Every structure is written in structure tokens, then in C-alpha cells.
Amino acid sequence: MRRRLVTYLLVLGLSMLQGGVCARAQAGNQPALDEATWLAVQGRLNQFLDGMGRIYDSCKARLPVSNDVQLTDGYLRMIDNRLRSLELNLRSLNVRWDNYYPTVQWEISQDEDLMDSVEHFEMMRQEAADSLEVRKQMLQALRAFSEAKTYMESLDSTYNNLGKKAFEMSLTPRTAPLLEKQKMKEQLIFATVEEKFEKAREAEQLHVVSARHMDELEDAYAILKNKSETIQAMTYKPLIQRIKDYLLGLAAVAVLLMFVNMVHAKIKAAREMRQNMKKYKDALKQNGKDDYPTI
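Residues numbered from 1 in each chain as written. Predicted model: local features only at pLDDT ≥ 70, side-chain atom pairs only at ≥ 80, totals over all residues. Heavy atoms only, no water.

Some details on the overall build of the protein
Scanning the protein from terminus to terminus reveals nine helices and zero strands. Starting at the N terminus and walking to the C terminus, you meet the elements of the protein as α-α-α-α-α-α-α-α-α. Here the protein holds 295 residues, and 26% of them are scored as buried. In the protein, once contacts between residues fewer than 6 apart in sequence are set aside, the share between residues at least 24 apart is 78%. (Helix = DSSP H or I, 4+ residues; strand = E, 2+ residues; numbered from the N terminus. Buried < 20%, exposed > 50% of the residue type's maximum accessible area, 1.4 Å probe, protein only. Contact = heavy atoms within 4.5 Å.)

In C-alpha cells:
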């Protein structure tokens, strides 16, 4: 009886063990890996996952940009070196991965846990690469913004000289050809201003510059645009015509001032009338007369 019971238990144990092995094989549709091979591959995958995780976190981190910090060449160079270092680390890890993965591709295909680790690695690798590209675009936008700001600031004296020369050349008909050359020269300069300004606006879209800094750049652009339009509008006019235009301009200003003064006087009279009516009503109430004439 005892011998029969032991035999039964041995058969049952072997059946359960065989069932477990079959279940694992059926899950992967392949023979199960031995434990030593699985541990070796999983340990190596964990090393790759740890390395990619550090790169992934650095690539997803915000750029070290502050609205209170001046965008100097050294500051932009620091950000550039940081991104270059990240890109180099990512490339190095990719090379090691591409060399290792084909050697264990079959073993990995036999186990779902190993395949999940590979899938997680590939996901982090792609997201890290995408984030790095976005941050490189941000750096390029910061450079464009800094270049536009510096270029516009350097044109202040240039436009003052251009405007002065253009005005002098518009005084006589003999210098009219020179005036046109001066205006063509100014057009080329302002075309560069517009090009740099449009590139700088990408910094606002990528949220790497503050609204205050962008407003300052737009103000500088508007000032140069106004000077450009003034220079382009210059042309030779006889002295009589210039005097007439000047007087017409003065007359227009005088009419505008008269209109403003008239509006101001009407507003002042209406305010005084309301005050007088209020005083009259208050006086009637003090005398006990709530009924007062109205219009």
C-alpha cells in the first residue's frame, strides 16, 4: 500500500513538472531557455536599459535656459556642448546595442520577459533621439534670436547715416540717381533684417524666450521698418513743393489740435453741468423739497 502511494506521488510530481515546462514552451511557441542563459541575457539587457535610461532622462530634461540670463556666445556654447555630449553618448550606446542584439536575437525571441525588455529599450532609444532633435532645434532658435538682436542693435548708426545721406540726395535733381542707389542699398540691408527676424520668431514658438524679450525684439524691428519706409519714400521735390508740404503738414496738425481742444472743452462743459445739477438737487433736498423740476 505504501509503495503504491509513493509511486502515485512520483507520477503526479513528474506530470506537474512536465505540464509546467510545456506551458512555458507553449507561451513562447518555442523551447524554454535554460536559467543560466536567461539570467545572462537579462543581466546584459538590464545594463543597456540603465544606460539608455540615463540618456533618456537627460534628453527629456529642459534646456538650462533662463529669462534672466543674457544670451551670450559662451552661454549658447555651453548648451551646445551639453547637447553634443548627449548625442555622442547616444551614438556610442546605439553602436554597442547594434553589435550585441543580433548575437542574442534568437534567445530573446524565446522569452516574453526578454522581448519586453528589448521593446522598452527601443522605445526609450526612439524617444531620446526625438527629444534630442527638438532640443537642437531650440538651440538653433536661440542662436537665431541672439543674432537678430545683435544685428538690429548694430544698425542704429547705419540707418541714421543712410537716412541723412538719402535726405541730402533728395534736395537736388542731380543727385537723384545716387538717391536710388542709396535706397537699393537700404533695401538689401532691411531684407537681411526681415530674414533674421523671421528666424528669431521660432524661439517664441518653441517657448525658449520670454514674452518681454520677444517684445523688445519686435520693437527694434518696428523702429528699423519705420526708418526703412521713410528712406524708401524719399524723392526729389522742388523747394516750393517742400515748403507747401511742410505748411500743409502744419495745417493738418493745427486742425487736429483744434478738434482735440473742442472735444476737451465739450467734455469739460458737460462735466461742469452735471456737477451744477447735482449741487442743485442737493440744495433742494436740504430745503425739504424732494420734488424738483426736471427736463
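More follows now that the structure is in view.
Re a negative patch on the surface
A grouping of Glu112, Asp113, Asp116 and Glu119 is seen on the molecular surface, where their side chains present a negatively charged patch. Its location among the elements puts Asp113 in helix H5 (residues 112-154). Taking the relative accessible area as the measure of exposure, Asp113 reaches 44% and is therefore partly exposed. (Patch = residues over 30% accessible without salt bridge, like charges linked within 9 Å, V, L, I, M, F, W, Y side chains within 5 Å. Areas by Shrake-Rupley, 256 points an atom, 1.4 Å probe, with all protein chains shown as cover. Salt bridge = Lys/Arg side-chain N within 4 Å of Asp/Glu carboxyl O. Lys, Arg positive; Asp, Glu negative; His and termini not counted. Charge placed at Lys NZ, Arg CZ, Asp CG, Glu CD.)

Description of the nonpolar core
In terms of nonpolar packing, the biggest core is built from 55 residues, with Leu45, Phe145 and Leu217 touching the most fellow members. If you list the elements that add at least two residues to this core, you get helix H2 (35-60), helix H3 (73-100), H5, helix H6 (156-169), helix H7 (176-205) and helix H8 (211-233). Among the elements that take part in this core, H5 stands out by supplying 13 residues, more than any other. Residues in contact with Phe145, not counting those within four places in the same chain, are Leu71, Ala200, Ala203, Val209, His213, Met214 and Leu217. (Core = buried A, V, L, I, M, F, W, Y, C linked by side-chain atoms within 4.5 Å.)

Some words on the pattern of salt bridges
All chains considered together, the criterion is met by 15 salt bridges. One salt bridge connects Glu195 with Lys199, and the closest N-O pair in it is separated by 3.6 Å. Taken together, the residues span about one helical turn, with Glu195 and Lys199 both in helix H7 at a distance of four residues. We classify Glu195 as partly exposed; its relative accessible area is 45%. The shortest N-O distance in the salt bridge between Glu229 and Lys225 comes to 3.8 Å. In this pair, Glu229 and Lys225 both sit in helix H8, four residues apart, roughly one turn of the helix. Overall, Glu229 belongs to the partly exposed group, its relative accessible area being 46%. One salt-bridge network, held together by shared partners, links Glu87, Arg91, Glu133 and Lys136.

Focus: H5
The end-to-end C-alpha distance of H5 is 63 Å, a good match for the 63 Å that 43 residues give at a rise of 1.5 Å each. A side-chain oxygen of the first residue of H5 lies 2.9 Å from the backbone nitrogen of Asp113; this N-cap is Asp111. (Expected span 1.5 Å × (residues − 1). Polar contact = N/O pair within 3.5 Å; in protein donor to acceptor, adjacent residues only side chain to side chain.)

Some points on the environment of Met234
Inspection of the secondary structure assignment puts Met234 in the loop between H8 and helix H9 (239-286). For Met234, a relative accessible area of 15% gives the class buried. When the C-alpha positions of Met234 and Glu180 are compared, they lie 9.3 Å apart, and in sequence the two are 54 residues distant. Among all residues touching Met234, those that are not within four sequence positions of it are Gly163, Ala166, Phe167, Leu179 and Lys183.

So, the confidence of the model for the protein
Mean pLDDT over the protein: 79, with 70% of residues reaching 70 or higher. Ignoring residues within four places in sequence, the model shows residues 1-30, a span with pLDDT below 50, making seven contacts including any to other chains. Long-range and interchain partners of residues 291-295, a stretch whose pLDDT sits below 50, account for three contacts in this model, where long-range means more than four residues apart. (pLDDT = per-residue confidence, 0-100.)

As for the environment of Leu206
On the secondary structure map, Leu206 appears in the loop between H7 and H8. Between the alpha carbons of Leu206 and Gln137 there is a distance of 8.6 Å; along the sequence they are 69 residues apart. Residues in contact with Leu206, not counting those within four places in the same chain, are Gln137, Met138 and Ala141.

A word on the packing of aromatic side chains
According to the stated counting rule, one finds seven aromatic pairs in the structure shown. With a centroid separation of 5.2 Å and an interplanar angle of 80°, the aromatic rings of Phe48 and Trp97 are classed as edge-to-face. Highlighted residues: Phe48 in helix H2 and Trp97 in helix H3, separated in sequence by 49 residues. An identical accessibility class is assigned to Phe48 and Trp97; each is buried. On the numbers, 5.5 Å between centres and 25° between planes, the contact of Phe48 with Tyr100 is stacked. Residue Phe48 is found in helix H2, and its partner Tyr100 is found in helix H3; the two are separated by 52 residues along the sequence. (Phe/Tyr/Trp six-rings, centres within 6.5 Å; stacked < 30°, edge-to-face > 60°.)

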